[in-house]
Amino acid sequence: MAILCAVCTQAQNTRSKAPQLGKDPIDKVVAAMTLEEKAQLLIGGNHEFSIDKVGKSYDLVPWAAGMTISIPRLGIPFTVETDGPAGVRIKPTRDGDSKMYYCTGFPVATLLASTWNPVVVKKVGQAMGNEVLEYGCDVLLAPAINLHRNPLCGRNFEYYSEDPLLIGKTAAAMVHGIQSQGVGTSVKHFAGNDQETFRTENSSQISQRALRELYLKGFEIAVKESQPWTIMSSYNRLNGVYTQEDYPLLTTLLRDEWGFKGIVMTDWIGKRNTVAQVHAGNDLMMPGQAVQVKEIIDEVKSGKLSMSDVDRNVKRMLQFIMKTPHFRKYAFTNAPDLKAHAEVAREAAEEGITLLKNDNNTLPMKDVKTVALFGNGSYNFLAGGTGSGEVNKAYVVNVQQGLEDAGFSISEEIKALYIGAGEEIPISPGYAKRNAANSDIAVITFSRQAGEGADRHNTKGDFYLTNKEKAIITNVTNAYHAVGKKVIVVLNIGGVIETASWKNIPDAILLVWQTSQEGGHAIADILTGKVNPSGKLPMTFPMDYMDIPSSKNFPYNYYGEHFDASKKNIGYTNYEEGIWVGYRYFNTFNKEVSYPFGYGLSYTTFEFKDAKVKKSGNNCVVTVSITNTGSVAGKEVAELYTAAPKGKLEKPACELKAYAKTKVLQPGESEVVSMTFSVPDMASFDEATNSWVTDAGTYKILIGSSVQDIHQTLTLKVNKAIVQKAQAKM
Ligand code: BGC
């Protein structure tokens, strides 16, 4: 007994002598770590063997995507990382527990970008962050901010926009919101992960200019404006190099040039070149394999991996861990306020829903009691996408329920036809005619689903409406128009579809994206005019798929062939279009589009006047007065584009540099909104000199309510060119 106690005391003494994270300087903690402990800390905790034997993330928080290991003797706790961009993704049920662990299904990222409202996005972030915290997690694996290069990327619903400024500002607002709750974010997937086909092998071949101006710019803004705790490197290769092993990308650019202070974690891949990853500054390997721990130990011993690289990453890991709820021993409740968060989801949905067409003031609906609801999406409504961007939510309010809750009668006959059908039911002219007599208006909802791991196709049923869907629009519209009634098409989609060939048929088109678990309620509020739509497109809707320059180099016709490194769009993808993505292309080359970037209608009208610019040094503040000139209250967005003078480089006709959304303006009410940017924000990237160049000359400032609808023009003189040398070359 006495001997045993002596051993205990000795062990305690040894333990108490070990430096403790948070109490002792980090360098001391690093110095006290064994090589095995260091290696374990750099490798995520989801593998069978780890020195803390705590288990896997899905034992701690079921279905959480990953974790880092704990080292109790040094006061280092484990941390838990969970998806994703539309809310927390954990398992809703637990063994031997009758409680449900639901999370709020917020609107998809594309809808959030359509709000053009950082205040609303931040509020969504706060609610998401609170669910991360209260469900015992430390990091939300979001926001996802790859560029909408091509509408058929399977994950576009998780991403924001075709414009890097809108991406960066939306992401920064989201990071601020989430991190305000004392939990972390992981801005992903860094970088060039703009297609899903063979995403773990494909090399995105991107010029330095397109990279800097488009594909990296959103990340740059998000990092500089919001300092996310973590960045997730992507699966793909960038110009031949796996991003996880890319020193110029992860260290020279991200840390040296942009000042990133957090950690980089890999996307959820198995083992790659661990030595190269550690050296490149990829601090954490997720979800982690025991063999990677061994490899770090072996290669430090063999001299292939330097101890200083390991220590540098370990130190950053400890700095990250010290910020987490698990480090501060936060007593999570497993009971976030889901009711309050559902309200946040609904408010955001209402702010991002975009009105594409509204002939003869069809909307808001007037004198309507009975609604005929056609289209599978009216009943089998999609709140979000699939894959890691999916959320296990308690319920989804579909269009039918939303309208019923708002007091409308729904045609029971049509409802019976669709419920449980699971596919699109044809509607004959006769059937439509009979229903036109029994209802006041028709609403047709079409849905499209997509998700991680696969891209969409330029086929009917995906990018194009099917013949059946088109026939529904035609037959229903003919029947309703014959008796003087209106038809509204609701688009419940995650990415862009073709609209040009059918948009002239119905009276109104409402783009609701994948609208959250509160979708039906938000849609009803817009249809009834309780809320005036104020969403604006974060991307262009083209006339046709092949009009998009990147379509020449995108796997839209990939149907399961084997991987072949030498095959175009499979092994590698040439971003041949360079900077000509989205409106930068369509606007510069005067190509017709179906709906332009930044477009979205309102139930009221606005007048823009008195635009002014004040330049002090490089800082430019632009103000413009916006007046509600219509008869109902509403919000408007001022979009500020700049057009550069002719210089050495060919440039887009204009580029978004700032934007601002008004508060709700009552009829007759005005607001002066203010937008800020700096002169070097107008720079282009000159590959010849590896530098950002802002040419001297006279720039135009264009303020409008879409890229094609400019209301006010100012000029801005830049007397002397500004050249800023870059360091990294990716
Ligand atoms: C996805 C990431 C996600 C991770 C963890 C990966 O397959 O690409 O976006 O965060 O899985 O679930």
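Residues numbered from 1 in each chain as written. Predicted model: local features only at pLDDT ≥ 70, side-chain atom pairs only at ≥ 80, totals over all residues. Heavy atoms only, no water.

So, on to the packing of helix H3 (residues 35-42) against helix H12 (residues 290-302). Relative orientation of the contacting elements H3 and H12 amounts to 130 degrees, with a least axis distance of 8 Å. What the angle tells us is that H3 and H12 run oblique. With respect to the hand of their crossing, H3 and H12 are arranged in right-handed fashion. Facing Leu35, Glu36, Ala39, Gln40 and Leu42 of H3, the residues of H12 in contact are Val293, Ile296, Ile297, Val300 and Lys301. The residue makeup of the contact of H3 with H12, split by class, is seven nonpolar, one polar and two charged. (Axes fitted to C-alpha atoms, helices over the stretch in contact; angles between N-to-C directions. Helix = DSSP H or I, 4+ residues; strand = E, 2+ residues; numbered from the N terminus. Parallel < 35°, antiparallel > 145°, perpendicular 65-115°, else oblique. Left-handed = near helix turned anticlockwise from the far one by under 90°. Contact = heavy atoms within 4.5 Å. Nonpolar A, V, L, I, M, F, W, Y, C, P; charged D, E, K, R; others polar.)

Spatially, E8-E7-E5-E17 is the arrangement adopted by the four strands of the open sheet, whose pairing is mixed. If you trace the sheet from one side to the other, it starts and ends with strand E8 (241-242) and strand E17 (572-574), each paired once. Taken together, the three bridges between strand E5 (residues 203-205) and E17 define a ladder with parallel strand orientation. When the bridges of E17 are listed, glutamine 205 appears paired with asparagine 574. (Pairing = 2+ DSSP bridges.)

By a widespread convention, an interface's size corresponds to the accessible area lost as its parts come together. By the assigned domains, the protein chain splits into domain 1 (1-82 + 259-321), domain 2 (349-549) and domain 3 (604-725). Relative placement of domain 1 and domain 3: their C-alpha centres are 47 Å apart. (Domains from an automatic or database assignment.)

Every one of the 13 residues lining the ligand counts as a neighbour, but Asp83, His189, Tyr235, Asp267 and Glu452 are closest to it. At 2.4 Å from an oxygen atom of the ligand is found a side-chain nitrogen or oxygen belonging to aspartate 83. Contact between the ligand and tyrosine 235: an oxygen atom at 2.7 Å from a side-chain N or O atom of the residue. Coverage of the ligand by the protein amounts to 91% of the 310 Å² it exposes when considered alone. Its residues assigned to classes, the shell around the ligand shows five nonpolar, two polar and six charged. (Near = heavy atom within 4 Å. Polar contact = N/O pair within 3.5 Å; in protein donor to acceptor, adjacent residues only side chain to side chain. Areas by Shrake-Rupley, 256 points an atom, 1.4 Å probe, with all protein chains shown as cover.)

Moving on, we get to the layout of surface pockets. Looking at the largest pocket, its volume works out to about 650 Å³. As for the largest pocket, its lining consists of 26 residues, of which Lys217, Glu220, Lys224, Pro680 and Asp681 are closest to the centre. Within the residue set of the lining of the largest pocket, elements represented by two or more residues are helix H7 (164-179), helix H8 (208-215), helix H9 (217-226), strand E22 (655-661), strand E23 (670-678) and strand E28 (722-725). Counting residues per element, the lining of the largest pocket draws most heavily on H9, at five residues. (1 Å grid on protein atoms, 1.4 Å probe; cavity = no way out; pocket = protein on both sides within 12 Å on 5 of 7 lines; lining within 4 Å. Points joined across faces, edges and corners; volume = space filled by probe spheres on them.)

Below, the discussion takes up the packing of H7 against H9. The contact between H7 and H9 brings their axes to 8 Å, and the two run at 35 degrees. The element H7 and its partner H9 pack so that their crossing is right-handed. Of the residues in H9, those touching H7 at Pro164, Leu165, Ile167, Gly168, Lys169, Ala171, Ala172, Val175, His176 and Gln179 are Lys217, Gly218, Ile221, Ala222, Glu225 and Ser226.

What follows concerns the pairing of strand E20 (residues 619-628). Remember that side chains alternate between the two faces of the sheet whenever the strand is regular. With respect to burial, E20 is a largely interior element, seven of its ten residues being buried. What sits between the antiparallel neighbours strand E19 (residues 606-616) and E20 is a turn of two residues, in which glycine 617 has the positive phi angle 65 degrees. Where E20 lies against E23, nine bridges are found, and the strand directions are antiparallel. When the sheet's bridge partners are listed, valine 624 is paired in E23 with valine 673. (Buried < 20%, exposed > 50% of the residue type's maximum accessible area, 1.4 Å probe, protein only.)

Let's shift gears to the side chain of serine 534. Along the chain, serine 534 turns up in the loop between helix H19 (519-528) and strand E16 (541-542). By relative accessible area, which is 5% here, serine 534 ends up buried. Among the polar contacts listed, one links the side chain of serine 534 to the side chain of lysine 661, at a separation of 2.9 Å.

One pass over the full model with this rule turns up six cavities of 30 Å³ or more. Computed from the structure, the largest cavity encloses a volume of approximately 110 Å³. His148, Pro151, Glu162, Thr540 and Ile548 are, among the 13 residues lining the largest cavity, the residues nearest its centre.

So, on to helix H14 (residues 338-352). Residue pairs spaced three or four apart in an α-helix point in one direction, given the helix's 3.6 residues per turn. An ideal rise of 1.5 Å per residue puts 21 Å on 15 residues; H14 measures up with 21 Å between its terminal C-alpha atoms. Listed as buried for H14 are His341, Ala342, Val344, Ala345, Arg346, Ala348, Ala349, Glu350, Glu351 and Gly352. Residues of H14 that are buried sit in contact with helix H5 (109-114), helix H6 (118-134), strand E10 (354-358), H19 and E22. (Expected span 1.5 Å × (residues − 1).)

It is worth spelling out the packing of aromatic side chains at this point. According to the stated counting rule, one finds 23 aromatic pairs in the structure shown. Plain terms: the ring middles of tryptophan 116 and phenylalanine 597 are 5.5 Å apart, the flat faces sit at 55 degrees to each other, and that makes the pair tilted. Separated by 481 residues along the polypeptide, tryptophan 116 in the loop between H5 and H6 and phenylalanine 597 in the loop between strand E18 (593-595) and E19 bring together distant segments of the chain. With respect to burial, tryptophan 116 and phenylalanine 597 carry one shared label: buried. When the centroid spacing of 6.4 Å and the interplanar angle of 75 degrees are considered together, the rings of tryptophan 229 and phenylalanine 320 count as edge-to-face. Note that tryptophan 229 is positioned in the loop between H9 and strand E6 (230-233) and phenylalanine 320 in helix H13 (residues 307-321), a separation of 91 residues in sequence. (Phe/Tyr/Trp six-rings, centres within 6.5 Å; stacked < 30°, edge-to-face > 60°.)

With mixed pairing, the six strands of this open sheet are ordered in space as E1-E2-E3-E4-E6-E9. Across the chains shown, the open sheet's two edge strands, defined by having one partner strand only, are strand E1 (66-68) and strand E9 (263-265). Alignment of E1 against strand E2 (residues 79-82), held across three bridges, turns out to be antiparallel. Bridged to glycine 66 within E2 is glutamate 81. Those strands touched by H7 are strand E3 (139-140) and strand E4 (184-190), and its axis lies near 150 degrees from that of E4.

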